[in-house]
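What follows is each chain in one-letter form.
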Amino acid sequence: MDRLVYGTAADATVRLIAAVTTDTVEEAIRRHETGPTASAALGRMLTGAALLGASLKEFDRLTVRIESDGPVGGITVEANNAGDVRGYVRNPAAELPPTADGKFDVRGLVGQGMFYVMRESGFDIGLHHEPYVGSVPITSGEIAEDFAYYLAKSEQIPAAVLLGVLLKKTEPFVLASGGVMIQIMPGANDHIVTMIEDTVRRAPHLTEVIKEGATPEDLLKLVLGIIDFEVLAERPVAFRCTCSYDRAFAMISALGRDEVASMLAEDNGAMMTCGFCNETYRLDDGALETMLSEL
């Protein structure tokens, strides 16, 4: 089971979040049948959203979205404060050749555009607060750097973000996936910050150690070196969607009596596919007749 840990170091002046998301990303790319580079991009976004969500105190739904001019067209991911994530790429078949060093060309696939973060709260108690929305230009397209740039510019939190997805050609396609987010809070010692920067710079690729069985705690040890840290909380991470047959029924019903009657007469039913998880819900003629009787 995938897992995320949240902790602190240096008298709580450094926030730490690490996660292993191998199964989560595997489920996402299985559902969306994404190409290799699109899979890497989606996996990084899912992991980054899980990490960012764990650093926030109050929210019900966190949406991280890339709108860009690259072949992928855009990426949208949602996370909640229980560790559930879901997401999709606009063009799952988008693909580019590897870079000169043999890596996924996620930067080229994403292209230029904007990076958006929206936080919503109050749903669980019946309130609908205005969502907080932050945005920054895409500075890298590699996604980890874009999360760090967003934190620095929109939240005024210097951060280091490491995200990785390691794939293979046969199922299960994801050998390893995970990430680390280090946030530097006010009052942090400059020497500690320099030590962390140096250790992060020299650390091996996260996916290589995750493939060998590293836990989220191991990832924190990897990027902190000799600096002690304290784990304060942990949570599972999973690809989990909020769609359901009942929601599909309600959405089709909301189209109105004439539209539902047309579906019944012309198609003998209706079909709806969730963009976030690619699950398809089919309503037969009996379901539509029931719907019409309630409209």
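Structural data are supplied above this passage.
Conventions and cut-offs
- One numbering rule holds for all chains: residues counted from 1, following each sequence as written.
- For this predicted model, a pLDDT threshold of at least 70 governs which residues receive local features, and a threshold of 80 or more governs which side-chain atom pairs are given and counted, while totals over whole chains, interfaces and linings are taken from all residues.
- Note that the side-chain values use all heavy atoms of the structure and ignore hydrogens as well as water.
- Helix axes are fitted only over the stretch in contact, all axes being lines through C-alpha atoms; the angle between N-to-C directions runs from 0 to 180 degrees.
- To qualify as a helix, a DSSP run of H or I must reach at least 4 residues; to qualify as a strand, a run of E must reach at least 2; elements of each kind are numbered from the N terminus.
- Angle categories are assigned with fixed cut-offs, so that under 35 degrees is roughly parallel, over 145 is roughly antiparallel, 65 to 115 is roughly perpendicular, and the rest are oblique.
- The crossing is said to be left-handed when, going from far helix to near helix, the turn is anticlockwise and less than a right angle, and right-handed when the turn is clockwise.
- Two residues form a contact once any of their heavy atoms are found within 4.5 Å.
- Relative accessibility under 20% of the residue-type maximum defines a buried residue, over 50% an exposed one, and the middle range a partly exposed one, all with a 1.4 Å probe and only protein chains included.
- Within 3.5 Å is the distance limit for a polar contact, defined as a pair of N or O atoms, with the added protein rule that one can donate a hydrogen and the other accept it, and that residues adjacent in sequence qualify only through two side-chain atoms.
- Here, a salt bridge means any side-chain nitrogen of Lys or Arg that lies within 4 Å of a carboxyl oxygen of Asp or Glu.

Undergrad: I'm lost on the packing of helix 1 (residues 22-32) against helix 2 (residues 36-54) in this one. Help?
TA: Each packed pair of helices is defined by two parameters, the angle between the axes and the distance between the axes. Their axes nearest at 10 Å, the elements helix 1 and helix 2 cross at an angle of 135°. When the interaxial angle is binned, helix 1 and helix 2 end up oblique. Remark: the crossing between helix 1 and helix 2 carries right-handed chirality. Between helix 1 and helix 2, the contacting residues are V25, A28, I29 and H32 on the first element and S39, L42, G43, L46 and T47 on the second.

Undergrad: What should I look at first to understand the side chain of S154 in this one?
TA: Secondary-structure assignment places S154 in helix 4 (residues 144-154). The buried category is assigned to S154, whose relative accessible area is 19%. Among the polar contacts made by the side chain of S154, one reaches the side chain of Y132 at a distance of 3.0 Å. Discounting residues that sit within four places of it in the chain, S154 has contacts with Y132, G134, S135, V136 and Y149.

Undergrad: Would you mind showing me how to read the pattern of salt bridges here?
TA: Applying the stated rule across the entire model yields 16 salt bridges. Taking the shortest distance from any N to any O, the salt bridge between R107 and E142 comes out at 3.8 Å. You can see R107 sitting in helix 3 (residues 106-110) and its partner E142 sitting in the loop between strand 7 (132-137) and helix 4, a full 35 residues away along the chain. For R107, a relative accessible area of 43% gives the class partly exposed. Using a relative accessible area of 19% as the deciding quantity, one classes E142 as buried. For the salt bridge of E208 with K211, the shortest nitrogen-to-oxygen distance reads 3.5 Å. Placement of both E208 and K211 in helix 6 (residues 206-211) is noted, with a separation of three residues, approximately one turn of the helix. Among the charged side chains, a salt-bridge network with shared partners connects E27, R30, R31 and E279.

These figures come from the coordinates and say nothing about function on their own.
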